[in-house]
Every structure is written in structure tokens, then in C-alpha cells.
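The chain contents come next:
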Amino acid sequence: AVTVIGSINMDTTLRLTKMPKPGETLHTSDIFHSGGGKGANQAVAAKRSGANTAFIGAVGDDNEGATLLDLLAKEQIDISGISTIADTATGQAMIMVDDAGENSILIHAGANNAFHEAEVQQQKALIENSDFLIAQFESSLDATLAAFTLAKKAGKKTILNPAPALETIPTELLAQTDVIIPNETETEIITGIEVTDEASLFQAATALHQLGIETVIITLGSKGAFYHTATQHGIVPAFKVKAVDTTAAGDTFIGALSSQLNPDFSNLPEAIRYGNLASSVAVQSYGAQPSIPRRTDLTFE
Ligand code: ADP
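These remarks concern the structure in this document. (Residues numbered from 1 in each chain as written. Predicted model: local features only at pLDDT ≥ 70, side-chain atom pairs only at ≥ 80, totals over all residues. Heavy atoms only, no water.)

A look at the nonpolar core
Among the nonpolar cores identified, the biggest contains 37 residues, and Ile-5, Phe-115, Val-120, Ile-127, Leu-160 and Ile-169 are the most heavily contacted of them. Mapped by element, the contributors of at least two residues to this core are strand 4 (53-60), helix 4 (124-128), strand 8 (132-135), helix 5 (141-153), helix 6 (171-174), helix 8 (198-210) and strand 11 (215-219). In terms of residues, this core owes the most to one element, helix 5, which gives seven residues. (Core = buried A, V, L, I, M, F, W, Y, C linked by side-chain atoms within 4.5 Å. Buried < 20%, exposed > 50% of the residue type's maximum accessible area, 1.4 Å probe, protein only. Helix = DSSP H or I, 4+ residues; strand = E, 2+ residues; numbered from the N terminus.)

As C-alpha cells, this is what we get:
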């Protein structure tokens, strides 16, 4: 079982030919609303890949919040850990995707920054009943830290997706992180090492290792993912596909990987390969949660 703590947003995806410049007004060719937020996306990915999944987070007392709760409930994700915060807006993201598949995103965090340690303490049972706890940096840090502390006390494994990247991650959080999953940009912000080849990946992973994290997985977009543990390292190549919208590629990878990973990490390369497969499907369609595949939709060779 997997518990995700983090952000939940109402996404508005706007498709356009090219990104607007400051002062410019452009027309969009399509608009649609869907569930998003790194935390909620990762929970949806884990659940659609077959894991029992719970989500800890917060929405505002508005229509968007009610719609998002409904969406997760329909996925059969345990939403008992989601707080509804009075007089606060639900998190929202405006995602512009151009014809080249590039995206630009504006986020109003709203309720995602309005839940804290006190709310997390009430969700102790959810954390204790899961094998993995997954967090990102799109919601309040004190809530994440409290959740990791509960997970480690209960002997559970913690997975940190340091996105969006913080240059300095609190040492207290690092000390309680079993697995870190940054992308290339986040890796460079955290370690100061630009990852361009296997040697620099090894160097960056070693730096993350020295921060006290046993298992490092660096996602490499269309190149796949690099992993580094005390005993093994290597690149698991991506699947060759035509990407149209990479929103939630990383989220799909993380949720899907966690759904397959053994709590003792004995099948790490296989779980990464599954994460690559699920995210290669996600990049072939638009939106965050609408693009996340189900395990039954995936074909393995
Ligand atoms: P993020 O979305 O967080 O920036 P990445 O771009 O590294 O993360 O993508 C995460 C994972 O999604 C990759 O490890 C890979 O498996 C898959 N992926 C991303 N882009 C592509 C692509 N163009 N083709 C195939 N797989 C992709």
C-alpha cells in the first residue's frame, strides 16, 4: 500500500501554437479542466497501477475542491486524509502547452500550503498502514516532515520527489528519506552537478548519497532513469514514443514505480522499467491525470 502526501490542484490546460510574450494576447486552440497537483497525480498513478492508495492533503471549501475530492473518490483512492480548509481557495494550475510540446505553468498553491503538522498527526493510521510514503515540495514542508517522522517511526519506506527543487533540503528531512527521485534539473539544483553522462550521474548520485539517502533514482526524460544504491547502479532506458505533452511524466513514473516496488527494494530495476513504461504512455496524451495509464492498459514485451 502507498500513501502520498502533497498537492492537489484543479488544472486548466490551454493549448496554443506558441507561448505568449509579456504584453501579448493570443488565442488558444483548446481548453480543458482536469485533476492535477504532483501529489494527487502520483496517488492516481499508484492506484491505477494497482496499489491500495491513500492521499493526505487539503482542498479549499469551493467547487474546485468538491470536484477534486469526487475525482479521487471515483479512482477509489482513500480520501479520508484530505482536509477541507475554510476561506481558502483550492490549489489551481494554469498549464500552457504549445505545438512543440513545451509547457509553461502558473500555480496558485491555496489550500496546499494551508495544511500543517496538526492535520498530518490525525492521519497517523494511514501512514502506518502503508509500505511507502511519498512526498514532493508542492505543499507545506512542516507537514511533509511530520509525515516522514511518523513513517520512519513505524518502519515504513519514504520516497521524496524534490519537486519543485529546493536548493537546500532540510537535513532533518534528508535523514528520514530512503529514496530520492529528482529529474535532471532538480538534481543540478540540489547537487550543483550538471548531469550529462553516466559519469556525472554517478557523481551527482554519490553527492545525494552523502546527504544520507540510500537509494537515488534520477529521471532522464526520453533517456529513461538512472539508479544508484549501495550495491548497484545503471540506466534503465526509456521506451521510444512520440511525446505530445510531458505534464505528469515524472508523477506517473513515481506513482507507477512505487506501486510495483518491493518494500525491500529487491526488484528496483524491474520497478523502474515499469515506471518508464507507464510514463511513456502518459507523455503521449494531454493533461495530468487524464493521461495516466492503468496497469491493464500497459503491454510488456
Ligand atoms: P519530469 O516530468 O519530472 O521532468 P522526466 O522528464 O525525467 O521527469 O520524465 C520522467 C519519466 O517519464 C522518464 O524517466 C521517462 O521514463 C518518461 N519520459 C519522459 N519523457 C519521455 C519521452 N519523451 N519518451 C519516453 N519516455 C519519457
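Some thoughts on the pattern of salt bridges
If you walk through the whole model with that rule in mind, you get six salt bridges. Residues Lys-74 and Asp-70 are paired through a salt bridge, measuring 3.4 Å at the closest nitrogen-oxygen approach. Of the two residues, Lys-74 and Asp-70 are both situated in helix 2 (residues 63-74); the distance of four residues between them amounts to about one turn of the helix. By relative accessible area, which is 66% here, Lys-74 ends up exposed. Under the relative-accessibility criterion, Asp-70 is labelled partly exposed at 43%. (Salt bridge = Lys/Arg side-chain N within 4 Å of Asp/Glu carboxyl O.)

Some remarks on the environment of Lys-18
By the secondary structure assignment, Lys-18 is in the loop between strand 2 (9-16) and strand 3 (30-36). Classification of Lys-18 by relative accessible area gives partly exposed; the value is 41%. Between the C-alpha atom of Lys-18 and that of Met-96, which follows or precedes it by 78 residues, the distance is 9.1 Å. Residues within four places of Lys-18 in sequence aside, it is in contact with Glu-24, Leu-26 and Asp-98. Here Glu-24 takes part through its side chain, which lies 3.0 Å from a polar atom of the side chain of Lys-18. (Contact = heavy atoms within 4.5 Å. Polar contact = N/O pair within 3.5 Å; in protein donor to acceptor, adjacent residues only side chain to side chain.)

Re the sheet that holds strand 7 (residues 103-108)
Strand order across the open sheet formed by four strands is 3-2-6-7, with mixed pairing between neighbours. Looking along the sheet, the strands with just one partner apiece sit at the ends: strand 3 and strand 7. Direction aside, neighbouring strands of the sheet carry axes that sit 20° apart on average. Of the pairings in the sheet, the one linking strand 2 to strand 6 (residues 91-98) comprises eight bridges and is parallel in character. The partner of Thr-13 across the bridge, within strand 6, is Ile-95. Here helix 2 sits on the sheet and contacts strand 2, strand 3 and strand 6; the angle it forms with strand 2, its principal contact strand, is near 95°. (Pairing = 2+ DSSP bridges. Axes fitted to C-alpha atoms, helices over the stretch in contact; angles between N-to-C directions.)

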